[in-house]
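Commentary on secondary and tertiary structure
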Amino acid sequence: MQIPDDLLSTLRLLHSYILVKVHVKKSDHKGAAKMLTRVSKSISRFPAHIVPILTSTVIECQRAGYKKSALEFATMLMRPEYRPH
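A brief report on the enclosed structure follows. Just so it is clear, the structure is predicted and the values come from calculations on it, not from any experiment.

Another aspect to go through is the overall build of the chain. Along its length, the chain carries four helices and zero strands. Reading the chain from its N end, one meets helices and strands in the order α-α-α-α. By the burial criterion, 32% of the 85 residues in the chain qualify as buried. Total accessible area on the chain stands at roughly 6,100 Å², and carbon and sulfur atoms take up 60% of it. Counting 14 positive and 6 negative side-chain charges, the chain places the centres of these two groups 7 Å from one another.

Quick look at the structure:
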């Protein structure tokens, strides 16, 4: 039995999101930043959690020294569609 590609992709993203907690707990900010970056690139799949995911991504990228990525996701976070009305 083969799993559809769309479902497999969604499960990979969810798994990455879950692994973030493990990396943060171990103070592995680079690992957490990589996982969050992967999730944030497909942020539309998590519509109820966009702001918290992007915020965590910015924080972990900054802690890991990924300043360019931190700026990219901070800029995304500041878009009008993600700001409270």
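The next point concerns a nonpolar patch on the surface. Taken together, the side chains of Ile-3, Leu-7, Leu-11, Leu-14 and Ile-18 make up a nonpolar region of the molecular surface, amounting to roughly 430 Å² of accessible area. Residue placement: Leu-11 occurs in helix H1 (residues 5-25). What makes Leu-11 partly exposed here is its relative accessible area of 43%.

Take the environment of Ile-43 next. Looking at where Ile-43 falls in the secondary structure, it is placed in the loop between helix H2 (29-40) and helix H3 (50-64). For the pair Ile-43 and Glu-60, spaced 17 residues apart in the sequence, the C-alpha separation amounts to 16 Å. Apart from the residues lying within four places of it in its own chain, the contact partners of Ile-43 are Ile-50, Ile-53, Leu-54 and Tyr-82.

Time to look at the packing of H2 against H3. Contact geometry of H2 with H3 gives a least axis separation of 8 Å together with a crossing angle of 145 degrees. Considering the relative orientation of H2 and H3, their crossing is left-handed. Here H2 contributes His-29, Lys-30, Ala-32, Ala-33, Leu-36, Thr-37, Val-39 and Ser-40 to the contact with H3, which in turn contributes Ile-53, Leu-54, Ser-56, Thr-57, Glu-60, Cys-61, Arg-63 and Ala-64. When grouped by side-chain class, the residues that make up the contact of H2 with H3 number eight nonpolar, five polar and three charged.

Attention now goes to the nonpolar core. By size, the foremost hydrophobic cluster in this structure holds 16 residues, and its most contacted members are Ile-43, Ile-53, Leu-54 and Tyr-82. Breaking this core down by element, the ones donating at least two residues are H1, H2, H3 and helix H4 (67-77). If we ignore the near neighbours within four places in the chain, the residues touching Leu-54 are Ser-40, Ile-43, Phe-73, Met-76, Leu-77 and Tyr-82.

Time to look at H3. The first and last C-alpha atoms of H3 sit 21 Å apart over 15 residues, in line with the 21 Å expected at 1.5 Å per residue. Burial in H3 covers these residues: Ile-50, Ile-53, Leu-54, Thr-57, Val-58, Glu-60, Cys-61 and Ala-64. Gly-65 sits one or two positions beyond H3 and adopts a positive phi of about 90 degrees.

About the cut-offs
- Residues numbered from 1 in each chain as written.
- Predicted model: local features only at pLDDT ≥ 70, side-chain atom pairs only at ≥ 80, totals over all residues.
- Heavy atoms only, no water.
- Helix = DSSP H or I, 4+ residues; strand = E, 2+ residues; numbered from the N terminus.
- Buried < 20%, exposed > 50% of the residue type's maximum accessible area, 1.4 Å probe, protein only.
- Areas by Shrake-Rupley, 256 points an atom, 1.4 Å probe, with all protein chains shown as cover.
- Lys, Arg positive; Asp, Glu negative; His and termini not counted.
- Charge placed at Lys NZ, Arg CZ, Asp CG, Glu CD.
- Patch = residues over 30% accessible without salt bridge, like charges linked within 9 Å, V, L, I, M, F, W, Y side chains within 5 Å.
- Salt bridge = Lys/Arg side-chain N within 4 Å of Asp/Glu carboxyl O.
- Contact = heavy atoms within 4.5 Å.
- Axes fitted to C-alpha atoms, helices over the stretch in contact; angles between N-to-C directions.
- Left-handed = near helix turned anticlockwise from the far one by under 90°.
- Nonpolar A, V, L, I, M, F, W, Y, C, P; charged D, E, K, R; others polar.
- Core = buried A, V, L, I, M, F, W, Y, C linked by side-chain atoms within 4.5 Å.
- Expected span 1.5 Å × (residues − 1).

Bear in mind that shape data such as this cannot, by itself, settle questions of function.
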